[in-house]
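# Survey of secondary and tertiary structure
Chain by chain, the residues:
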Amino acid sequence: MNPKMLIKIIGLESLLIFFYVLNGAFVSIKQPLSPFLQFALLIPFALGLFIYIATKKKWREYFFYPIKKNHFFITLPLLLIFGIILVSTKGLNMTSISDLVVMFIMQIFIVAFIEESVFRGIMLRMLLAKGAFSAVWISSILFGVTHALQLLGGQSLEDTILQIIYALLVGLVLALLVLEGQSIIVTIIFHGLNNFFNIMGNTEGSMLSAYLIIFVLFIYMLTLWRRLKKIDHNLFMKNAKSI
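Let me begin by describing the structure that accompanies this report. Predicted model, so just to flag it, every value in this text is computed and none were measured.

## Some points on the pattern of salt bridges
All chains considered together, the criterion is met by 3 salt bridges. Ionic pairing is found between Arg 227 and Glu 180, a salt bridge with its closest N-O pair at 2.5 Å. Pair noted here: Arg 227 is in helix α9 (residues 207–229) and Glu 180 is in helix α7 (residues 157–180), with a separation of 47 residues, a long-range link.

Take a look at the structure:
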């Protein structure tokens with residue numbers, strides 16, 4: 001990895017961590033009940049990303065293109081994961097419809113947009129110059145490590161390690177889906193809904209369901225790797241651009 005690329009990746013990761021630590025500190029101190037305020041300090045980062053991608057006209061470069069309906073079958077395991085989450089959390093907490101709507105918006109358009117644009121968009125595209133294998137693994141490892149920030153919020157070490165493994169596998173699966181030709185819009189939707197269902201459930205998901213989802217993700221990841229080996233990566237390598 002050349003120094004210029006390394007500096008860009010470290011800078012982008014550091015910027016992401018800065019905003020998440022800032023938001024986490026605000027939540028820890030103020031303990032807001034509003035779903036909007038719980039993620040409000042991430043909004044400037046999301047707007048900055050949107051403006052950057054829009055003004056530079058990099059939507060297609062970062063895999064923002066129409067969802068391919070003929071690829072629906074390969075995304076079915078994502079629906080299975082949603083089912084496991086909803087069963088484990090005993091469905092959505094319908095006490096406040098307004099909270100549900102606001103949390104849905106914040107998770108899809110702020111949190112998921114930020115993380116998918118950074119890891120499955122900018123970083124994945126940048127790292128493709130080093131090959132698909134490196135691009136998928138490095139972007140996914142960084143995605144997983146970022147979730148170690150949960151320790152700062154008081155989460156236990158065991159739960160944090162489990163979340164890092166979970167995030168790593170999610171990162172691998174979503175990166176592989178993007179390289180197979182899926183739009184990053186699909187990964188944003190999955191990421192947002194995954195967070196939404198977990199946060200707004202009637203109860204906290206069980207450890208058994210977490211391990212079951214990790215097993216499903218692992219098998220899914222292996223399947224996608226096998227499929228990816230059959231795809232010609234020349235197009236990705238040719239079009240990978242420095243950012």
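## Focus: unusual backbone geometry
Leaving glycine aside, a negative phi is the common case for residues, and trans is the common case for peptide bonds. Positive phi values are uncommon outside glycine, yet Gln 31 reaches one of about 50 degrees. Structurally, Gln 31 can be placed in the loop between α1 (3–30) and α2 (35–38). The phi angle at Phe 63 is positive, at roughly 75 degrees, despite the residue not being glycine. Take Phe 63: it is sitting in the loop between α3 (43–55) and α4 (76–88).

## With respect to the environment of Val 136
If you trace the backbone, Val 136 turns up in helix α6 (residues 132–146). Along the primary structure Val 136 and Glu 13 are separated by 123 residues, whereas in three dimensions their C-alpha atoms are 16 Å apart. Other than its neighbours up to four places away in sequence, Val 136 contacts Leu 124, Leu 172, Ala 175, Leu 176, Leu 179 and Trp 225.

## Observations regarding the packing of α4 against α9
Viewed as axis vectors pointing N to C, α4 and α9 meet at an angle of 175 degrees, and their least axial separation amounts to 10 Å. Classified by the interaxial angle, the pair formed by α4 and α9 is roughly antiparallel. Residues Pro 77, Leu 78, Leu 80, Ile 81, Ile 84, Ile 85 and Ser 88 of α4 pack against Ser 209, Leu 212, Ile 213, Val 216, Leu 217 and Tyr 220 of α9. In the contact of α4 with α9, the residues fall into 11 nonpolar, 2 polar and no charged.

## Section: a nonpolar patch on the surface
Residues Met 94, Ile 97, Val 101, Phe 104, Ile 105 and Phe 109 make up a contiguous nonpolar surface patch of about 570 Å² in total accessible area. Within the secondary structure layout, Phe 109 lies in helix α5 (residues 97–127).

## Concerning the packing of aromatic side chains
Summed over all chains, the structure comprises 12 aromatic pairs. With a centroid separation of 5.0 Å and an interplanar angle of 85 degrees, the aromatic rings of Trp 59 and Phe 64 are classed as edge-to-face. Ring centres of Phe 133 and Trp 225 lie 5.6 Å apart, and the angle between their planes is 40 degrees; this geometry places the pair in the tilted category. With a gap of 92 residues between them, Phe 133 in helix α6 and Trp 225 in helix α9 connect regions that are remote in the sequence. Taking relative accessible area as the criterion, Phe 133 reaches 54% and is therefore assigned exposed. Each residue in the set Phe 82, Phe 104, Phe 190, Phe 196 and Phe 197 is aromatic and connected to the rest through ring pairs, giving one cluster.

## So, the side chain of Arg 125
Mapped onto the elements of the fold, Arg 125 is located in helix α5. A polar contact of 2.6 Å, which involves the side chain of Arg 125, links it to the backbone oxygen of Glu 61.

Definitions and limits used
- Just so you know, the residues in each chain are numbered from 1, in the order the chain's sequence is written.
- Whole-chain, interface and lining totals are the exception, using all residues; otherwise, since this is a predicted model, local features are given only for residues with pLDDT of at least 70 and side-chain atom pairs are given and counted only at 80 or more.
- Heavy atoms throughout the structure, all of them, feed into the side-chain values; hydrogens and water do not.
- Here a salt bridge means any side-chain nitrogen of Lys or Arg lying within 4 Å of a carboxyl oxygen belonging to Asp or Glu.
- Helix and strand labels come from DSSP, where a helix needs a run of H or I of at least four residues and a strand needs a run of E of at least two; each type is numbered from the N terminus.
- Contacts are assigned to residue pairs with any non-hydrogen atoms lying within 4.5 Å of each other.
- Angles shown run from 0 to 180 degrees and are taken between the N-to-C directions of axes, each axis being a line fitted to C-alpha atoms and, for helices, limited to the stretch in contact.
- Reported orientations rely on four angle classes, namely roughly parallel under 35 degrees, roughly antiparallel over 145, roughly perpendicular from 65 to 115, and oblique for the rest.
- Side-chain classes follow a simple rule in which Ala, Val, Leu, Ile, Met, Phe, Trp, Tyr, Cys and Pro form the nonpolar group, Asp, Glu, Lys and Arg form the charged group, and the remainder, Gly included, forms the polar group.
- Excluding any residue in a salt bridge, patches collect residues exceeding 30% relative accessible area, merging like charges within 9 Å and nonpolar Val, Leu, Ile, Met, Phe, Trp and Tyr side chains within 5 Å.
- Residue burial considers only the protein chains on display, and all accessible areas are found by Shrake-Rupley using a 1.4 Å probe.
- Centres within 6.5 Å are what make two rings of Phe, Tyr or Trp a pair, Trp counting through its six-membered ring; a difference in plane orientation under 30 degrees is then read as stacked, over 60 as edge-to-face, and the rest as tilted.
- A simple rule labels every residue: compare its accessible area, found with a 1.4 Å probe on the protein chains alone, to the largest value its type can have, and call it buried under 20%, exposed over 50%, or partly exposed in between.
- Any pair of N or O atoms that falls within 3.5 Å is considered a polar contact. Within protein, one atom must be able to donate a hydrogen and the other to accept it, and sequence-neighbouring residues count only if both atoms are side-chain atoms.

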